[in-house]
Every structure is written in structure tokens, then in C-alpha cells.
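# Structural features, examined
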Amino acid sequence: MSDARRPNVTAYLCAKGASDAIAFYAKAFGARELYRLPNEDGTLGHAEIQIGETTLYVSDEAPQLNVLSPATRGGATSSFVIDVDDVDAAFARAVGAGAKVERPIVDNPYGRSGWVIDPFGHRWSIMTSNRDFDPKDMQ
């Protein structure tokens with residue numbers, strides 16, 4: 001294997017109140033803050049959090065750079081999926097932390113899942129995958 005970097009994709013969340021968003025993600029999803037870089041005006045220019053093995057970037061809005069949150073854009077423009085061992089417990093934890101239910105938990109051939117919207121406008125699908133699912137079964 002060469003020493004060259006492999007391509008990697010990391011989601012970058014923008015939130016009105018990024019520090020509050022990080023606190024929410026810690027409470028709702030068990031996120032661990034890796035570090036933050038505050039701006040002189042007190043807003044958050046960049047932070048990194050980890051949920052499971054995934055690192056996410058988080059910042060406050062920067063309208064001058066067209067970096068806008070779902071609250072400003074009028075809704076989520078993407079969504080996130082968290083695959084957990086116990087969807088019911090994880091879903092209840094997120095709702096208890098302040099997420100709003102967008103779609104209650106339902107059973108599907110691919111797993112059991114539900115959707116929540118976090119207080120900052122991002123959509124999260126929380127699911128427990130059916131490890132025996134074969135996509136051919138739905139075709």
C-alpha cells in the first residue's frame with residue numbers, strides 16, 4: 001500500500017448556535033467533541049465531533065461565505081443515518097434530548113427505523129439494520 005492519502009468524505013454541519021448543537025449531539029447521540037476553533041466574535045468557525053467511528057465537522061453560519069444552516073435555508077438539504085444496536089432506545093434518547101419526530105419508528109425489510117429533526121434543522125434517520133437483508137428481496 002502506498003503512503004498516498006485515500007479519499008475520505010466528511011459531512012460538515014452548519015448550525016445557528018453551533019456550540020449548542022454540539023451539546024445536543026453529545027446528549028442525543030453520544031457525540032464526543034474532538035476540538036473547536038472559535039472566531040473572535042464568539043461564533044464557532046470550526047469544530048470536530050465524533051459519533052461512533054464517524055467524524056463530523058460543525059460550524060456556525062458564515063453568510064459572507066454562503067455557509068447557511070437549515071434554519072436559514074428553510075429545511076434540511078441532506079440527512080444522516082445512525083445505525084445502532086437498539087433503535088428504540090436511541091430514538092427515545094434523541095427525542096428526550098429535544099429532537100422532533102418526523103417519522104415514527106417502523107419496521108422495513110432493511111431494518112427498523114425512524115426519523116427525527118434535531119433542534120438545528122438537520123434530519124437524522126436512526127435505525128437498526130436487518131443484517132440478513134438482501135436488496136434483491138425488494139426488487
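Use the structure listed above.
What comes next concerns the included structure. Fair warning: this is a prediction, and the values are worked out from it, not measured in the lab. (Residues numbered from 1 in each chain as written. Predicted model: local features only at pLDDT ≥ 70, side-chain atom pairs only at ≥ 80, totals over all residues. Heavy atoms only, no water.)

## Structural notes on the overall build of the chain
The helix and strand tally for the chain stands at three helices and eight strands. Reading the chain from its N terminus to its C terminus gives the helix and strand order β-α-β-β-β-α-β-α-β-β-β. Judged by the C-alpha coordinates and their principal axes, the chain covers about 55 × 45 × 25 Å. Counting only residues that meet the buried cut, the chain has 32% of its 139 residues in that class. Taking as baseline every contact in the chain between residues at least 6 positions apart, the subset at least 24 positions apart corresponds to 50%. Accessible surface, the chain: about 8700 Å² in total, of which carbon and sulfur atoms supply 50%. For the chain, the separation between the mean place of its 14 positive charges and that of its 19 negative charges on side chains is 2 Å. (Helix = DSSP H or I, 4+ residues; strand = E, 2+ residues; numbered from the N terminus. Buried < 20%, exposed > 50% of the residue type's maximum accessible area, 1.4 Å probe, protein only. Contact = heavy atoms within 4.5 Å. Areas by Shrake-Rupley, 256 points an atom, 1.4 Å probe, with all protein chains shown as cover. Lys, Arg positive; Asp, Glu negative; His and termini not counted. Charge placed at Lys NZ, Arg CZ, Asp CG, Glu CD.)

## A word on a nonpolar patch on the surface
A cluster of nonpolar side chains, L34, Y35 and L37, forms an exposed patch at the surface whose accessible area comes to about 250 Å². Checked against the element boundaries, L37 lands in strand 2 (residues 32–38). Under the relative-accessibility criterion, L37 is labelled partly exposed at 46%. (Patch = residues over 30% accessible without salt bridge, like charges linked within 9 Å, V, L, I, M, F, W, Y side chains within 5 Å. Salt bridge = Lys/Arg side-chain N within 4 Å of Asp/Glu carboxyl O.)

## Let's talk about the side chain of D118
Relative to the helices and strands, D118 resides in the loop between strand 7 (111–117) and strand 8 (123–129). It is K100 that comes nearest to the buried, bridge-free D118 among opposite-charge side chains, at 9.7 Å. Among the polar contacts made by the side chain of D118, one reaches the main-chain amide nitrogen of F120 at a distance of 2.7 Å. Apart from the residues lying within four places of it in its own chain, the contact partners of D118 are F24, Y25, A99 and W124. (Polar contact = N/O pair within 3.5 Å; in protein donor to acceptor, adjacent residues only side chain to side chain.)

## Observations regarding helix 3 (residues 87–97)
Among all positions in helix 3, only V87, A90, F91, A94 and A97 are buried. Viewed end-on, helix 3 has its buried residues packed into an arc of 130°, placing them on one side of the element. On its buried side, helix 3 packs onto helix 1 (18–29), strand 6 (100–108), strand 7 and strand 8. Of the residues one or two after helix 3, G98 is the one with positive phi, at around 125°. (Arc of directions from axis to C-beta.)

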